[in-house]
Amino acid sequence: MLEVNNIHVSYDGVPALYGVSFRVEEGEIVSIVGSNGAGKSTVLRTVSSLLRPTQGSIRMNGEELTALRPHEVVLRGIAHVPEGRRLFNRQSIKDNLTLGAFTRKSQADREEVLEKVYEVFPILKKRLGQLAGTLSGGEQQMLAIARALMLKPKLLMLDEPSLGIAPKLVDEIFETLKEINEKQGITILLVEQHVHEALELADRAYVLQTGRVVTEGTGKELLQSDAIQKAYLGI
Amino acid sequence: MTFEILAQAVINGLLMGFVFALVAVGLSLILGVAQIINFAHGEFLMLGMYTAFWMWALFGLDPLVSLPISIGVLALLGVCVYKLITKRILDAPRLTQIFATFGLSIFLRSLAQFLWTPNSRMIQNSWVGDLRVALGGVYIGAPQLVAAAGAILAFGVIHWLVEKTEVGRAMMATAEDRDAAALMGINTEQMYTLAWAVGSACVGLAGGLLTTFYSVEPNIGLVFGTTASVVIALGGFGSIKGAFAAGIIVGLIQVVGGFLIGPAFKFAVVLTVYLVVVAVRPQGLLGKY
């Protein structure tokens, strides 16, 4: 579904990714793990065209994405929940959700998507009028995921959904991701510092270190590999 | 007698305030959405006034008739300035942004002087030019009344656009977080262009309306541009409602202050009030930041 081939990205001339390649197949959950500063966010921002690679290609179902503008990537069925959630804090929950539906033309279609999202996150339906900025960290993350689901994506990309959230809620959010993947058939690309949880959830995973993919494998394989256990899991 | 003069001053100030408000709303929209303060906004107004003047001088069109032309010309100018200049410096340092539009203001002022001489010009015999309404001992000039009505109408339309339509909400989302808006499938480039078009159209309208009672000359933008900057700082950066309210307040302060202290000091009074507000409430009256 998504094929990223040898992308190089720099910020103001300072390289951040040195030839990163990976692929995501339809229906999979793929995790990219690595420590802070490894370039995980950069990968997602480049797929979304918020950053331009200096080399390499990114294809979605065979179509090249690198020349597209960010909103055009969204129209190809890729939704991105950015790091730090980036909600529209001055707008209500309802407005945050419906903003994500501007790409839908018909009203009936919007209502249908909205109902589906309420099924996943019933708590949001009860508080539609509340300003997004006044929600707790966990609720904000749910809203950020819900807002992305409003785009009816084929591929959902999440950047550190566990950031700044109580551990108990992190489990809940990972459960929700699994449910979204299984019930709605949405492919998921997850970027995480919580290596253990991310590997447990993933069908396949990639380990990113200072801008390069150093290891790849199924989630299980990586969980059991010595190198991963030493470097990230502290076992 | 004194009461009547004061009442006259209040009315005049109020009506002028609506025009200041309209100019400031345009500036605020561009600042709020496209994140750039347009220091050439006053010069845009000057060009709006010249458009109305030349439509009258060359084709005999009354400024009220040529309003759609002034609005259209300025909207187009706004789009061109965005596409050719400010779009390229969106991520540039603040100083670059300031000098780009500041430089543009000097260029436009000099260009107007070069093309149309520094002479002050006035439209004669416009439809509403000599009419006035008597209210007790107070006279309300028809041109000012029409200008105020136009400003209120325009504010209503912009307020509706921003608050009630999807395009407006997409525009506000872009203002709040450009990247996040783009990730929601919003064409942020289109939103920036729209903000520049609508923001500049505001001074096209204001310029056309002003020519019925104000003479035009190349430096006219200095007064209105400075006032508009004061107004949006007073109203709160990026707040459209705040800009409108503050515009009316500034109009009142200017005329009434000038009446009480002396006309030479009218801008000094406005700027003093501005300094006090900035010191006491730096986010402005209705500011969000």
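One can find the structure itself at the top, above this paragraph.
Residues numbered from 1 in each chain as written. Chains lettered and ligands numbered in written order. Predicted model: local features only at pLDDT ≥ 70, side-chain atom pairs only at ≥ 80, totals over all residues. Heavy atoms only, no water.

Our next topic: the interface of chain A and chain B. With 24 residues of chain A at the interface, the matching set in chain B holds 20 residues. Both faces considered, chain A and chain B share a buried interface measuring about 2,100 Å² in area, 56% of it formed by carbon and sulfur atoms. Interface area lost by chain A to chain B is led by F88(A), R90(A) and F102(A), which between them contribute 31%. There are five salt bridges connecting chain A and chain B. The closest approach of N and O atoms between R110(A) and E166(B), which form a salt bridge, is 2.4 Å. Put simply, chain A and chain B have nine residue pairs in polar contact (both at pLDDT 80 or more) between them. (Contact = heavy atoms within 4.5 Å. Buried area = accessible area lost by both parts, 1.4 Å probe. Salt bridge = Lys/Arg side-chain N within 4 Å of Asp/Glu carboxyl O. Polar contact = N/O pair within 3.5 Å; in protein donor to acceptor, adjacent residues only side chain to side chain.)

Time to look at the sheet that holds strand β7 (residues 155–159) of chain A. All names here are of chain A. The sheet built from six strands is open, its strands ordered β6-β7-β8-β3-β9-β10 with mixed pairing. Only two strands of the sheet have a single partner each, and these edge strands are β6 (78–81) and β10 (212–218). On average, adjacent strands in this sheet sit at an angle of 15° to one another, irrespective of strand direction. By the bridge criterion, four bridges tie β6 to β7 in an arrangement that is parallel. Across the sheet, H80 pairs through a bridge with M157, a residue of β7. Helix α1 (residues 40–47) rests against β3 (29–33), β6, β7, β8 (187–192) and β9 (204–209) of the sheet, and its axis sits at about 145° to β7. (Pairing = 2+ DSSP bridges. Helix = DSSP H or I, 4+ residues; strand = E, 2+ residues; numbered from the N terminus. Axes fitted to C-alpha atoms, helices over the stretch in contact; angles between N-to-C directions.)

The side chains of a regular strand alternate between both faces of the sheet. Residue and element names in this part refer to chain A. Strand direction decides the pairing type here: strand β1 (residues 2–11) and strand β2 (residues 14–24), joined by eight bridges, are antiparallel. In the strand pairing of β2, L2 is matched with V24. Between β1 and β2, which pair antiparallel and follow one another directly, the connecting turn spans two residues, one of which, D12, has a positive phi of 45°. In this structure, β1 lies alongside strand β4 (residues 55–60), joined through five bridges in antiparallel fashion.

Let us look at the nonpolar core. With 133 residues, the main nonpolar core has L97(A), I145(A), L156(A), F44(B) and I186(B) as its most contacted residues. Per element, the largest residue contribution to this core is 16 residues, and it comes from helix α1 (residues 2–34) of chain B. Look past the residues within four positions of I145(A) in its chain and what remains in contact with it is V81(A), F121(A), L156(A), L158(A), I173(A), L177(A) and I180(A). Ranked by size, the runner-up nonpolar core spans 28 residues in total, among them F22(A), V30(A), L51(A) and Y206(A). (Core = buried A, V, L, I, M, F, W, Y, C linked by side-chain atoms within 4.5 Å. Buried < 20%, exposed > 50% of the residue type's maximum accessible area, 1.4 Å probe, protein only.)

Our focus in this paragraph is a nonpolar patch on the surface. Residue and element names in this part refer to chain B. Judged by side-chain polarity, I5, L6, V10, F259, L260, I261 and F265 come together as a nonpolar surface patch covering roughly 620 Å² of accessible area. Put simply, the parts of the chain that give the nonpolar patch at least two residues each are α1 and α10 (240–261). Within the secondary structure, I261 sits in helix α10. Using a relative accessible area of 57% as the deciding quantity, one classes I261 as exposed. (Patch = residues over 30% accessible without salt bridge, like charges linked within 9 Å, V, L, I, M, F, W, Y side chains within 5 Å. Areas by Shrake-Rupley, 256 points an atom, 1.4 Å probe, with all protein chains shown as cover.)

Here we take up the pattern of salt bridges. Tallied over the entire structure, the rule returns 18 salt bridges over all chains. Residue R86(A) is joined to D179(B) by a salt bridge in which the shortest nitrogen-to-oxygen separation is 3.9 Å. One end of the pair, R86(A), is in the loop between β6 and α3 (93–99); the other, D179(B), is in helix α7 (residues 178–183), on a second chain. Here R169(B) makes a salt bridge to D95(A), at a shortest N to O gap of 3.7 Å. Remark: D95(A) occurs in helix α3 and R169(B) occurs in helix α6 (residues 166–176); the pair is interchain, linking two chains. For D95(A), a relative accessible area of 25% gives the class partly exposed.

Honestly, it's all geometry; don't read function into it.
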